[in-house]
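Each chain, letter by letter, is given below.
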Amino acid sequence: MKILKYAAGILFTLIIVVVIGVYAFLQSTLPKTKGNIALEGLSAPVEVIRDKWGVPHIFAQDKKDLSYAIGYVMAQDRLFQMDFMRRVGTGRLAEILGEDLIETDHFLRLLFVMWPEERIVKMLRGKYRDAMEAYAAGVNEFIKTHPYSLPIEFRILGYKPDPWKITDGIYVNLTMGWDLQSGWTGDLTLMKLIEKVGLKMADEAMPPYPGDGPTIIPEGIKNFSQIAKTLYPLEKLVEKIPMRFVSVGGSNGWALSGKKTTTGMPILCQDPHLGLSAPSIWYELHINAEDIDAAGVTFAGSPAVVIGNNRDIAWGCTNVVLDDMDFYIEKINPQDPNQYLYKGKWEDMKVVKTLIKVKGKEPVTKEIRITRHGPIINDIKKGLKEVLAMRWSLNDALGGLECFMVLNTAKNWEDFKGAVRQLHGPGQNMPYADRDGNIG
């Protein structure tokens, strides 16, 4: 009995020690919200005030320090989410989740193959590049100074985050662009409807483009639904993408003119119906430096307010359901699978080899074929008789970073219009209100 008592006492003590250790570790991963932190990379002091809801209010003396502080503070709160979203944008999920995600990674790389790092680096210029460099430096300062107290997800999955690159925020943007596109889902839905009830009834349910309207598709084109069956397996891959924020119903936003309110000031309400997740897709903050004094919400990975207001204007975003994708049926050369017919001549595809790292396994090499219309999107399905290239408006240009950084300092309707002209995708409805009572 004495031995049992001693053993029970030792076991109980060990359990207490483990519980205290786990609790202490979890506490160490929480953001520091009081006191001072000395950081390399700041040119002057920055003040971060957390309100009672934990929302950070960041005050800096210049924009570079502001972006740096946003990166550091956001990494305190959302580093794993940031890392995960950039992995979706770069097709690097199998690296931490195993071989079940190889095909998903292949699909994601097909989607975003038009945005290699060198293209993004070339696109980022001037103040936008400065902001992303400072933001990345802030994130990396947090990673460097917290090697043993990173979010617990890293410990569970057994890896450490790579340094944050200036391109990573753009990959987060691309991830959101894919989540908000409508063309893929719309075409798949129409295809399934035609297959189920036939073209005549589908036309009655969803009237087609007017018969006397201008067209660019030649007469006699065969039914797309049969060819697009190769997209079915891809839809299952889409469903497997972790952290995909599935929309629930339609978003809404409205603005009430100052002429209709008792104060003479306008009211703008914005309710984007992105899916619920933990943590939330949105990150709330208030930022202040030089001519920036903006508050609202953004995505983890971005140094600018996406929906919110400054001292002069307020703006919102809801998704536009539009046909932002087209699928091209490519005719392949029977003698060369990497050639396709264009204007009566065989044209070489661009072939990109991509290496997918796999947790606990050898890496896998995949090929991505690209035509002038875009990547061959059903290449995951082998033995294709016909292939589909995907043209996506978001592959032509982005502009999200530029748009929202300008909105953060916009003062009037003209500034607002100039900012939103830079947003090439995803399609957005953007209501507006300003301190003079105007709405738009």
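Residues numbered from 1 in each chain as written. Predicted model: local features only at pLDDT ≥ 70, side-chain atom pairs only at ≥ 80, totals over all residues. Heavy atoms only, no water.

Looking at empty space enclosed by the protein
Defined as follows: As defined here, a cavity is a set of points on a 1 Å grid over the protein atoms alone where a 1.4 Å probe fits but cannot get out. A pocket is an open set with protein on both sides within 12 Å along at least five of seven lines, and residues line them when an atom is within 4 Å of a point. Grid points are joined across faces, edges and corners, and a volume is the space filled by probe spheres set on the points. The helix and strand labels rest on DSSP assignments: H or I over at least four residues marks a helix, E over at least two residues marks a strand, and numbering proceeds from the N terminus. Any residue that is not Ala, Val, Leu, Ile, Met, Phe, Trp, Tyr, Cys, Pro, Asp, Glu, Lys or Arg is counted as polar, Gly included; the first ten are nonpolar and the last four charged.
By the definition in use, this model includes 2 cavities of 30 Å³ or more. If you add up the space inside the second largest cavity, you get close to 30 Å³. Taken together, Met123, Ile170, Asn173, Leu398, Gly399, Gly400, Leu401 and Glu402 form the lining of the second largest cavity. Taken together, the elements giving at least two residues each to the lining of the second largest cavity come down to helix H8 (168–180) and helix H13 (400–407). Tallying contributions element by element places H13 first for the lining of the second largest cavity, with 3 residues. Of the residues contributing to the lining of the second largest cavity, the split by class is 4 nonpolar, 3 polar and 1 charged.

Examining the side chain of glutamate 141
Using the following cut-off: Think of a polar contact as two N or O atoms within 3.5 Å of one another; within protein, one of them needs to be a possible hydrogen donor and the other a possible acceptor, and neighboring residues in sequence only count if both atoms come from side chains. In this description, contact between two residues means that some pair of their heavy atoms is separated by no more than 4.5 Å.
Here glutamate 141 is to be found in helix H6 (residues 126–145). Here the side chain of glutamate 141 touches glutamate 40 through a polar contact of 3.4 Å, landing on its backbone nitrogen. Beyond its immediate sequence surroundings of up to four residues, glutamate 141 is in contact with Leu39, Glu40, Tyr68 and Tyr72.

Description of unusual backbone geometry
Keep this limit in mind: Summary of the burial criterion: residues with accessible area below 20% of their type's maximum are buried, those above 50% are exposed, and those between are partly exposed, where the area comes from a 1.4 Å probe applied to protein chains only.
The peptide bond linking alanine 278 to proline 279 adopts the cis configuration, its omega dihedral lying at 0 degrees. Of note, proline 279 is situated in the loop between strand E4 (267–271) and strand E5 (282–289). Residue proline 426 follows glycine 425 across a cis peptide bond; omega there is -5 degrees. Here proline 426 is to be found in the loop between helix H14 (413–420) and strand E18 (428–429). The residue glutamate 290 is not glycine, and still its phi comes out positive at about 50 degrees. Locating glutamate 290 in the fold gives a position in the loop between E5 and strand E6 (292–299). A positive phi angle is found at lysine 343, which is not glycine, with a value near 55 degrees. Mapped onto the elements of the fold, lysine 343 is located in the loop between strand E12 (336–342) and strand E13 (345–348). Looking at lysine 343, the relative accessible area reads 71%, which means it is exposed.

With respect to the packing of helix H2 (residues 63–90) against H6
Each pair of packed helices gets described by two things: the angle between the helix axes and the distance between those axes. In plain terms, the rule: Angles shown run from 0 to 180 degrees and are taken between the N-to-C directions of axes, each axis being a line fitted to C-alpha atoms and, for helices, limited to the stretch in contact. In this scheme, roughly parallel covers angles under 35 degrees and roughly antiparallel covers those over 145, while 65 to 115 is roughly perpendicular and the rest are oblique. Crossing handedness is defined as follows: a turn of the near helix away from the far one that is anticlockwise and smaller than a right angle gives a left-handed crossing, while the clockwise case is right-handed.
Closest axis-to-axis distance for the H2/H6 pair is 7 Å, and the angle between their directions is 50 degrees. On the basis of the axis angle, H2 is oblique to H6. Here the hand of the crossing between H2 and H6 comes out right-handed. Residues Lys64, Ser67, Tyr68, Ile70, Gly71, Tyr72, Met74, Ala75, Gln76, Leu79 and Met82 of H2 pack against Ala131, Ala134, Tyr135, Ala137, Gly138, Val139, Glu141, Phe142, Ile143 and Thr145 of H6.

Description of the packing of aromatic side chains
As a reminder, the rule being used: Ring pairs shown here join Phe, Tyr and Trp side chains whose ring centres sit within 6.5 Å, with only the six-membered ring taken for Trp; geometry is labelled stacked below 30 degrees between planes, edge-to-face above 60, and tilted in between.
For the structure shown, the criterion picks out 12 aromatic pairs. Ring geometry for tryptophan 413 and phenylalanine 416: centres 5.4 Å apart, planes at 25 degrees, overall stacked. Of this pair, tryptophan 413 and phenylalanine 416 both sit in helix H14, 3 residues apart, which is roughly one turn of the helix. Residue classification places tryptophan 413 among the partly exposed positions, given a relative accessible area of 34%. Here phenylalanine 416 falls in the buried class, since its relative accessible area comes to 3%.

So, the pattern of salt bridges
Convention followed: Any carboxyl oxygen of Asp or Glu within 4 Å of a side-chain nitrogen of Lys or Arg constitutes a salt bridge here.
As enumerated under the stated definition, the model contains 20 salt bridges in all. Notably, a salt bridge pairs arginine 435 with aspartate 312, separated by 3.3 Å at the nearest N-O pair. Of the two residues, arginine 435 is situated in the segment after strand E19 (432–434) and aspartate 312 in the loop between strand E7 (307–309) and strand E8 (313–315); the sequence distance between them amounts to 123 residues. With relative accessibility at 49%, the residue arginine 435 sits in the partly exposed group. A relative accessible area of 18% places aspartate 312 in the buried class. Between aspartate 396 and arginine 391 there is a salt bridge, with the nearest N and O atoms lying 3.3 Å from each other. For arginine 391, a relative accessible area of 36% gives the class partly exposed. Ionic contacts of the salt-bridge type, sharing partners, join the residues Asp83, Arg86, Arg87, Arg92, Glu95, Asp162 and Asp168 into one network.

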